[in-house]
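# Examining the three-dimensional arrangement
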Amino acid sequence: MLCLLSSKREWKPLEDHSCTDVPWLLLFILFCVGMGFICGFSIATGAAARLLSGYDSYGNICGQKNVKVEGIVNSGLDLTHKKYVFFLDPCNIDLVHQKIKSLALCVSACPRKELKTLADIQKFAETNGSTLCSYELQPSEYTTDPAAAKLCPKYPVPESAPIPFFHRCAPVNISCYAKFAEALITFVSDSSVLHRLISGVMTSKEIIMGLCLLSLVLSMILMVIIRYISRVLVWILTILVILGSLGGTGVLWWLYARERISASAVETQIAKDNLQALLIYAIAATVFTVILFLIMLVMRKRVALTIALFHVAGKVFIHLPLLVFQPFWTFFVLILFWAYWITVLLFLGTTGSPVPNEEGFVEFRMVGPLKYMWWYHLVGLIWISEFILACQQMTVAGAVVTYYFTREKRNLPFTPILASVNRLVCYHLGTVAKGSFIITLVKIPRMILMYIHTQLKGKENACARCMLKACICCLWCLEKCLTYLNQNAYTATAINSTNFCTSAKDAFVILVENALRVAAINTVGDFMLFLGKVLIVCSTGLAGIMLLNYQRDYTIWVLPLIIVCLFAFLVAHCFLSIYEMVVDVLFLCFAIDTKYNDGSPGREFYMDKVLMEFVENSRKSMKEAGRGGGAEGRELKPMASGASSS
């Protein structure tokens, strides 16, 4: 890899700042200009007006004068007073092509009550001045013209109301969309169940909001107290794993012994097969238990580092309280961007030139190179979303790096988070753009393969299906590895202000030198945080069950409880992922600190007292082990190099 080709260099934390990966920043700006061009083009070609005001099946935009479309009857009409789109058969939904298969007309008012016969439709037109049949049919002909059955809406016409801002008449009764609902929610077999589910959500909306707030508070409390319970939690987890593996192995050997005694009395083929299966299971469990014990024996001292890092991470949140709110800003920016992206996507759905379809109606299609704007827009969704997430990682990394490499904590900037954002905007946006682009390059092929797998479901042979799944799995693993390496590269950039390739190389070297520690942190630490998420979800779910049990105003409260638990998991994941990010940044800072410093005059450690105690304990254990014997000694050697000289 070209990124790994650079000369060896000393780490100089926070000594100078320089702009990194400027060409990539310019490329990203050009790409964003292209995204803006797509939005401007769709608005300039009338897509915004067609989306907001709506248009009929003949290409006329409702609420304005229109231009004649060649070869299309009923086009070019003056519909200034007809501001709403009305579908003659709104319940006829094409699930495959995701559209309503019905003639669309512009009307002056939506039917606010059910119309059961053509006479009712005629009376509604005469009373309200809103003609619901095709333009060539006069209201007086609704009950006399034989063509009225095809040119008028399917009756009974359901009660409808205009959708705010989008000027479409939509049926008020959701049972109209029973087919669509059943396609999305298979367990809803009739509209009454759906009504009860929705009524349950609406009736308990105050409880749902309260429980969502509870999950938010629990997540923030857990982030504060996890530093105090990390040691206990790790050892409880270790004991449970040991007891579970021993217990499972013991039970399997006990079952094998009992089966062997009973099989000696009754010699059948089934008994022999069961006995052989139990023997295989018992041997496999024994091998697994032995391997697990060996791993724990090797990792036992590295677990102490995980505990120490969690303890220091708790201190970081005390000194940098704005870190807690980092998920809010990221989520808010992502929501704004996704709203913009969806709006432009809807614009693209109505942009293009009017083209007659096989039914004689008008469709708007893009021709030539412009039809590929969809792909550009899709890449923009992935790249810019990853860019926003990478900005969060760089911001957190910059703030934690400032905390770690500031010897006197009282000399910290007034707001390290804002200082980190300032450094990001002034110096490192190009690095973030490059890192997020690399993730995008992996995501796009994986999404294409997933789409192909979905489209070919049930059609491809077993070998092709297996190969597709294997490729998707490999790309997913590669994406996760690159995301982890990117995060550490951002930390290296925050420390040394180097470009992405140099930072990725430096971070990779440090991680390889501390491979066992990385494994311990990413297994024990991640499992601890997972248990924290489970704790928050279970606590919120239990509170929800207790509160919803006393609510008697509705019949089904399964859906509110599912909503609350999903929200609790989302909140816990957002907050604890920030905690995990802080731990990863602290570890890289600690590894760099122990590699280039040894505590001697002029090379003092930057680390916290808790980590200092871990270093001293490691040195003592190395001395007892004969300095450098085994894997433990080799990994701690960078720490001890100065100790021997001093």
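The structure presented is a predicted model; accordingly, all values stated were derived computationally and were not measured.

### Things to note about the overall build of the protein chain
Each helix and strand counted, the protein chain has 17 helices and eight strands in total. Within the protein chain, the proportion of its 646 residues that are buried is 44%. Looking at the protein chain alone, contacts between residues at least 24 apart form 71% of all its contacts between residues at least 6 apart. Summed over all atoms, the accessible surface of the protein chain reaches about 34300 Å², with 68% contributed by carbon and sulfur.

### A few points about helix H13 (residues 500-513)
The end-to-end C-alpha distance of H13, which contains 14 residues, comes to 20 Å, matching closely the 20 Å that a straight helix rising 1.5 Å per residue would cover. Of all 14 residues in H13, ten are buried, a share of seventy percent or more. Residues of H13 that are buried: Phe-500, Cys-501, Thr-502, Ser-503, Ala-504, Lys-505, Asp-506, Ala-507, Ile-510 and Leu-511.

### Some details on the state of the cysteines
Going through the model one piece at a time under the given rule, you end up with three disulfides. One disulfide in the model links Cys-62 with Cys-106; its S-S distance is 1.9 Å. Residues Cys-62 and Cys-106 share a disulfide whose torsion about the S-S bond is about -80°; that sign makes it left-handed. One end of the pair, Cys-62, is in the loop between helix H2 (47-53) and strand S1 (84-87); the other, Cys-106, is in strand S4 (residues 104-107), and 44 residues separate them in sequence. The residues Cys-62 and Cys-106 share a single accessibility class, namely buried.

### Some details on the pairing of S4
Of the two faces of S4, the one carrying Ala-104 and Cys-106 and the one carrying Leu-105 and Val-107 are both buried. Taken together, the four bridges between S1 and S4 define a ladder with antiparallel strand orientation. Note that in S4 the partner of Val-85 across the bridge is Cys-106.

### A word on unusual backbone geometry
The phi angle at Asn-74 is positive, at roughly 65°, despite the residue not being glycine. Along the chain, Asn-74 falls in the loop between H2 and S1. Residue Asn-74 is classed as buried on the basis of its relative accessible area, which comes to 19%. Positive phi outside glycine occurs at Ser-497, with the angle close to 60°.

### Here's the deal with the nonpolar core
By size, the foremost hydrophobic cluster in this structure holds 61 residues, and its most contacted members are Leu-323, Tyr-579, Val-582, Leu-586 and Leu-611. Looking at this core, the elements with two or more residues in it are helix H7 (205-265), helix H8 (269-319), helix H10 (373-404), helix H12 (462-496), H13, helix H14 (515-549), helix H15 (558-596) and helix H16 (609-624). Residue contributions to this core peak at 18 residues, all from H15. The next biggest cluster of nonpolar side chains, apart from the first, holds 32 residues, and it includes Ile-72, Leu-79, Leu-137 and Ala-148.

### Looking at a nonpolar patch on the surface
Judged by side-chain polarity, Leu-213, Val-217, Ile-221, Val-224, Ile-225, Tyr-228, Ile-229 and Ile-318 come together as a nonpolar surface patch covering roughly 710 Å² of accessible area. If one sorts the elements of the nonpolar patch by residue count, H7 sits on top with seven residues. Among the structural elements, Val-217 can be located in helix H7. Residue classification places Val-217 among the partly exposed residues on the basis of a relative accessible area of 38%.

### Brief notes about the packing of aromatic side chains
By the definition in use, this model includes 16 aromatic pairs. Taking 6.1 Å as the distance between ring centres and 35° as the angle between the ring planes, the aromatic pair formed by Phe-325 and Phe-328 counts as tilted. Residue class for Phe-325 comes out partly exposed when judged on its relative accessible area of 35%. Its relative accessible area of 32% is what places Phe-328 among the partly exposed residues. Aromatic pair Phe-405 and Tyr-606: ring centres 5.0 Å apart, planes at 75°, arrangement edge-to-face. Of the two residues, Phe-405 sits in the loop between H10 and helix H11 (416-455) while Tyr-606 sits in the loop between H15 and H16, which places them 201 residues apart along the sequence. Judged by its relative accessible area of 8%, Phe-405 is buried.

### Overview of the packing of H10 against H11
At a minimum axis distance of 5 Å, the contact between H10 and H11 shows a crossing angle of 140°. By the angle class used here, H10 and H11 are oblique. The interaxial crossing formed by H10 with H11 has right-handed handedness. Residues of the contact of H10 with H11, tallied by class, amount to 19 nonpolar, eight polar and three charged.

### Structural notes on the pattern of salt bridges
Per the stated rule, a full pass over the model turns up five salt bridges. When the shortest N-O distance is used, the salt bridge between Arg-446 and Glu-479 registers 3.0 Å. With a gap of 33 residues between them, Arg-446 in helix H11 and Glu-479 in helix H12 connect regions that are remote in the sequence. For the pair shown, Arg-446 and Glu-479 are each scored as buried. Close ionic contact of Lys-595 with Glu-513 constitutes a salt bridge, the shortest N to O distance being 2.9 Å. Separated by 82 residues along the polypeptide, Lys-595 in helix H15 and Glu-513 in helix H13 bring together distant segments of the chain. Given the relative accessible area of 23%, Lys-595 is considered partly exposed. By relative accessible area, which is 36% here, Glu-513 ends up partly exposed.

### A word on the environment of Val-585
The topology assignment puts Val-585 in helix H15. Among all residues touching Val-585, those that are not within four sequence positions of it are Ala-397, Val-400, Val-401 and Thr-491.

### Quick look at the confidence of the model for the protein chain
On average, the protein chain scores 78 in pLDDT, and the residues at 70 or more come to 80%. Here residues 1-8 is a poorly scored stretch, pLDDT under 50, and it has seven contacts once near neighbours within four places are set aside; other chains count. For the stretch residues 179-194, pLDDT sits under 50, and the model shows twelve contacts to residues farther than four places along the chain or on other chains.

### As for the environment of Leu-412
Its location among the elements puts Leu-412 in the loop between H10 and H11. Residue class for Leu-412 comes out buried when judged on its relative accessible area of 14%. Separated by ten residues in sequence, Leu-412 and Thr-402 place their C-alpha atoms 7.5 Å apart. Not counting chain neighbours up to four residues away, the residues in contact with Leu-412 comprise His-319, Thr-402, Tyr-403 and Thr-406.

### Looking at the side chain of Asp-56
By the element assignment, Asp-56 lies in the loop between H2 and S1. For the buried Asp-56, no salt bridge exists, and the shortest N-O distance to an oppositely charged side chain is 8.6 Å, to Lys-82. In terms of polar contacts, Asp-56 uses its side chain to reach the backbone amide nitrogen of Asn-60, at 2.8 Å. Of note is the side chain of Asp-56, whose polar atom sits 2.7 Å from the side chain of Tyr-135. Beyond its immediate chain neighbours, meaning those up to four positions away, Asp-56 contacts Leu-79, Ala-104, Leu-105, Cys-106 and Tyr-135.

Definitions and limits used
Residues numbered from 1 in each chain as written. Predicted model: local features only at pLDDT ≥ 70, side-chain atom pairs only at ≥ 80, totals over all residues. Heavy atoms only, no water. Helix = DSSP H or I, 4+ residues; strand = E, 2+ residues; numbered from the N terminus. Buried < 20%, exposed > 50% of the residue type's maximum accessible area, 1.4 Å probe, protein only. Contact = heavy atoms within 4.5 Å. Areas by Shrake-Rupley, 256 points an atom, 1.4 Å probe, with all protein chains shown as cover. Expected span 1.5 Å × (residues − 1). Disulfide = S-S within 2.5 Å. Pairing = 2+ DSSP bridges. Core = buried A, V, L, I, M, F, W, Y, C linked by side-chain atoms within 4.5 Å. Patch = residues over 30% accessible without salt bridge, like charges linked within 9 Å, V, L, I, M, F, W, Y side chains within 5 Å. Salt bridge = Lys/Arg side-chain N within 4 Å of Asp/Glu carboxyl O. Phe/Tyr/Trp six-rings, centres within 6.5 Å; stacked < 30°, edge-to-face > 60°. Axes fitted to C-alpha atoms, helices over the stretch in contact; angles between N-to-C directions. Parallel < 35°, antiparallel > 145°, perpendicular 65-115°, else oblique. Left-handed = near helix turned anticlockwise from the far one by under 90°. Nonpolar A, V, L, I, M, F, W, Y, C, P; charged D, E, K, R; others polar. pLDDT = per-residue confidence, 0-100. Lys, Arg positive; Asp, Glu negative; His and termini not counted. Polar contact = N/O pair within 3.5 Å; in protein donor to acceptor, adjacent residues only side chain to side chain.

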